[in-house]
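# Overview (structure and organization)
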Amino acid sequence: MASSGSSNPSPLACCSFCCLYRYLLLLLLLCGLLARPGAALKWVRFNVPPWAAMGGEALLTCQFNLAGDELYSVKWYKAGREFYRYVPAEWPRQQFFPFPGITVDTERSDEQQVALKRVSLETAGRYKCEVLTEAPQFRTLVRSASLTVYDLPDGGPEVVGGQETYRPGETVNLTCQAPKSIPATTLTWFINNEVAPQNYLVEYKDPPDADGREASRLGLQFRAHDHHFPDGRLTLRCVAALHRLYQKDALHEGVVAPPGPLSLGHDANGACERLSLWEHLCVLLSLLIAGLTAHLFQTLT
């Protein structure tokens, strides 16, 4: 009599099931490796300063998170040419390649940053950082930015012209000039700590010298009025600036001239007008007295 129990699976079915199970496990593991959060190489901070002063320093930053990978190399390029390399598996780890205008400060440079010293005009350009991890991932990060170098003025601005005293109605005429620089400095005039109106300004343009350095000049011309002399004093200030690297100023002050004996504290033009009227009155009085004197003389004779 035949048994009523369930039949056992065949060996072929078991083999197929085991293979499918293994494939699913491999697929799951691969998905986990590819989608594991934080597993990819990523930037933490990248920075190339937009500007630097000639003769100063510049710090190039290339900070990253390996996310468990091993670092193979960090390379820095300028205009497509390599000038610095950091490879942990080699000795020495740091390598420098001669490049015009680039002097690397070895004590302050590593895999996360490169410090440049003795910056010159040739240091300006586009810089690129390239980060590469070890096999088998060979992940790569690349980013670039530009650096501009400024040749700062040697000294501060100077104010030329002007007077120690002014009368309302007189013309104020000064010129602010700053030493040569690359690029030319920006000049700004202030009247009693307020920016001078555009129609008060006289712009001058000087050609650059053989090295490309330019001087800056900006004139200030306006007719003085009573409101320009709060507390009896006129304060004029010229500010020369070149981004955040340079800012200096020059000051000029003048006071109201004491009123003349006939001006009664009014402006120069009014004083002249009143002086003319006084002269006319004196002439009329002289003529009147002369006429009366002649009439009296005739009467007596």
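Let me begin by describing the structure that accompanies this report. (Residues numbered from 1 in each chain as written. Predicted model: local features only at pLDDT ≥ 70, side-chain atom pairs only at ≥ 80, totals over all residues. Heavy atoms only, no water.)

Once that is clear, we can look at the environment of V172. You can see V172 is positioned in strand β12 (residues 171-181). Of the residues examined, V172 reaches a relative accessible area of 0% and is grouped as buried. Remark: the alpha-carbon pair of V172 and A224, spanning 52 residues in sequence, is separated by 6.5 Å. Discounting chain neighbours no more than four positions away, the residues touching V172 are Y166, L220, Q221, F222, A224, L234 and L236. (Helix = DSSP H or I, 4+ residues; strand = E, 2+ residues; numbered from the N terminus. Buried < 20%, exposed > 50% of the residue type's maximum accessible area, 1.4 Å probe, protein only. Contact = heavy atoms within 4.5 Å.)

Moving on to the layout of surface pockets. In this approach the atoms are scanned with a rolling probe the size of a water molecule, which exposes any empty space left behind. Roughly 220 Å³ of volume is contained in the largest pocket. Forming the walls of the largest pocket are 14 residues, and the residues nearest its centre are A184, T185, Y204, S216 and R217. Mapped by element, the contributors of at least two residues to the lining of the largest pocket are β13 (186-191), β15 (201-204) and β16 (214-223). The element best represented in the lining of the largest pocket is β16, accounting for five residues. (1 Å grid on protein atoms, 1.4 Å probe; cavity = no way out; pocket = protein on both sides within 12 Å on 5 of 7 lines; lining within 4 Å. Points joined across faces, edges and corners; volume = space filled by probe spheres on them.)

The next point concerns the sheet that holds β12. Taken together, the four strands give an open sheet; going across it, the order is β10-β12-β16-β15, and neighbouring strands pair in antiparallel fashion. Each having just a single partner strand, β10 (158-161) and β15 make up the two edges of the open sheet. Strand-to-strand twist across the sheet, computed as the mean angle between neighbouring axes with direction ignored, equals 25°. Where β10 lies against β12, four bridges are found, and the strand directions are antiparallel. (Pairing = 2+ DSSP bridges. Axes fitted to C-alpha atoms, helices over the stretch in contact; angles between N-to-C directions.)

Let us look at the environment of L251. Turning to its location among the elements, L251 is positioned in strand β18 (residues 246-256). L251 gets classed as exposed once you look at its relative accessible area, which sits at 55%. Residues L251 and C238, 13 residues apart in the sequence, show an inter-C-alpha distance of 6.5 Å. Leave out the neighbours within four places in its chain, and L251 touches T235, L236 and R237.

As for its placement among the helices and strands, K75 is situated in strand β4 (residues 71-78). Once you skip the residues sitting within four places of it in the chain, K75 turns out to touch E82, Y84, R85, K128, C129 and E130.

Let's shift gears to the state of the cysteines. Within the structure shown, the criterion is met by two disulfides. The residue that forms a disulfide with C176 is C238, at a sulfur-sulfur distance of 1.9 Å. Of note, the bridge from C176 to C238 carries an S-S torsion of about -80° and is left-handed in sense. Here C176 is found in strand β12, whereas its partner C238 is found in strand β17 (residues 233-242), with 62 residues between them in sequence. Accessibility assignment for this pair places C176 and C238 in one class, buried. Sequence-ordered numbering of the bonded cysteines in the protein chain yields a pairing of 1-2, 3-4. (Disulfide = S-S within 2.5 Å.)

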